[in-house]
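Chain by chain, the residues run as shown.
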Amino acid sequence: MIAVRPGTDQDLRQVAGLLNEIIAAGGTTALTNPMSRQDLSDWLGANADRSAWQVAIDDQGELLGFQWIGVWPELPPEACDIGTFVTTGQTGLGIGSRLFDATRDAAIALGYDWINANIRADNTGGLTYYQSRGFRDWGRLENITLADGSQVDKLLKRYDLKA
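So, here's what we can say about the structure.

So, how was this worked out
Residues numbered from 1 in each chain as written. Predicted model: local features only at pLDDT ≥ 70, side-chain atom pairs only at ≥ 80, totals over all residues. Heavy atoms only, no water. Pairing = 2+ DSSP bridges. Helix = DSSP H or I, 4+ residues; strand = E, 2+ residues; numbered from the N terminus. Axes fitted to C-alpha atoms, helices over the stretch in contact; angles between N-to-C directions. Contact = heavy atoms within 4.5 Å. Expected span 1.5 Å × (residues − 1). Buried < 20%, exposed > 50% of the residue type's maximum accessible area, 1.4 Å probe, protein only. Arc of directions from axis to C-beta. Phe/Tyr/Trp six-rings, centres within 6.5 Å; stacked < 30°, edge-to-face > 60°. Lys NZ or Arg CZ within 6 Å of the ring centre and 35° of its normal. Core = buried A, V, L, I, M, F, W, Y, C linked by side-chain atoms within 4.5 Å.

## Digging into the sheet that holds strand β3 (residues 63–70)
Read from one edge of the open sheet, seven strands run β1-β2-β3-β4-β5-β7-β6, paired in mixed fashion. What marks the edges here is a single partner per strand, and that holds for β1 (3–6) and β6 (136–145). Mean inter-strand twist for the sheet, computed between neighbouring axes without regard to direction, equals 25°. As paired strands, strand β2 (residues 52–57) and β3 are joined by six bridges and run antiparallel to one another. For Ala56, the partnering residue across the bridge sits in β3 and is Gly65. Where helix α2 (residues 37–45) meets the sheet, its contacts fall on β2, β3 and β4 (79–86), and the angle it forms with β3 comes to roughly 45°.

## A few points about helix α3 (residues 95–109)
With 15 residues, α3 ought to run about 21 Å at 1.5 Å a step, and its terminal C-alpha atoms sit 22 Å apart, in line with that. For α3, the complete set of buried residues consists of Ile95, Gly96, Leu99, Phe100, Thr103, Ala106 and Ala107. Summarising the axial view, the buried residues of α3 lie within an arc of 125°, below the 170-degree limit, and thus occupy one face.

## Quick notes on the environment of Arg13
With respect to the element layout, Arg13 can be found in helix α1 (residues 12–25). Taking the C-alpha atoms as reference points, Arg13 and Gln38, separated by 25 residues in sequence, lie 9.6 Å from one another.

## A word on the packing of aromatic side chains
Any pair of aromatic rings gets described here by the distance separating the centres and the angle formed by the planes. Throughout the structure, instances matching the rule amount to seven aromatic pairs. Measuring from ring centre to ring centre gives 5.0 Å for Tyr130 and Phe135, while their planes differ by 75°; the resulting arrangement is edge-to-face. The exposure classification of Tyr130 matches that of Phe135, with both residues buried. Taken together, the aromatic side chains of Phe100, Tyr129, Tyr130, Phe135 and Tyr159 make up a single cluster linked through ring pairs. Here the basic side chain of Arg158 rests over the ring of Trp114, its NZ or CZ set 4.0 Å away from the ring centre.

## A short note on helix α4 (residues 124–133)
Since the α-helix turns once every 3.6 residues, residues separated by three or four places project in the same direction. Within α4, the full set of buried residues consists of Gly126, Leu127, Tyr129 and Tyr130. Projected down its long axis, α4 shows its buried positions confined to an angular sector of 160°, all on one face. Those residues of α4 that are exposed and aimed more than 90 degrees away from the buried face are Thr124 and Thr128. Tucked inside the fold, the buried residues of α4 contact β3, β4, α3, β5 (114–120) and β7 (151–160). At the C-terminal side of α4, Gly134 shows a positive phi close to 105°.

## Some thoughts on unusual backbone geometry
Note: most residues except glycine have negative phi, and most peptide bonds are trans. Phi at Asn143 is positive, roughly 55°, even though this residue is not glycine. Summarising the element assignment, Asn143 is placed in strand β6.

## Things to note about the nonpolar core
In this structure, Ile69, Ile82, Phe100, Ala107, Ile115, Tyr130 and Phe135 are the most contacted members of the largest nonpolar core, which totals 18 residues. Listed by contribution, the elements that provide at least two residues to this core are β4, α3, β5, α4 and β7. If we ignore the near neighbours within four places in the chain, the residues touching Phe100 are Gln67, Ile82, Ile115, Tyr129, Arg133, Phe135 and Tyr159. Among the nonpolar cores identified, the runner-up in size contains 17 residues, and Leu18, Leu19, Leu44 and Phe85 belong to it.

Spelled out as structure tokens, the structure:
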């Protein structure tokens, strides 16, 4: 059984562990440096009146994934950015789908018109995930330099909340 609920400060330790495992594996996130509990608290709590985050947990209370929406300075105020992170080896089990249902509702409640996904072009799993949710291409960023000095292209996908 997978339960999804809003994230809290009590989730930050598990979220940091999950995220740092994904960062260490490389190739799916633009993040390249490990994040502390405080880093996560600052990120997830930034612009708290315009952001939200959800966690997916199993029956034992173990974190399976999390999803965040919030302000990205390069987007208009009617749009939010999204980040999705699922425990390594747990993709394809419906965790992301359940997270997105709650995140979509949160985005509507926050008054957003659309959600932007900023995805590494080499992250085939992420591209497939957002495509399957109904996101469509709307832009591309080329030769983005990450914190570790590597360069990647990113695809921008858009999900309209209002029909």
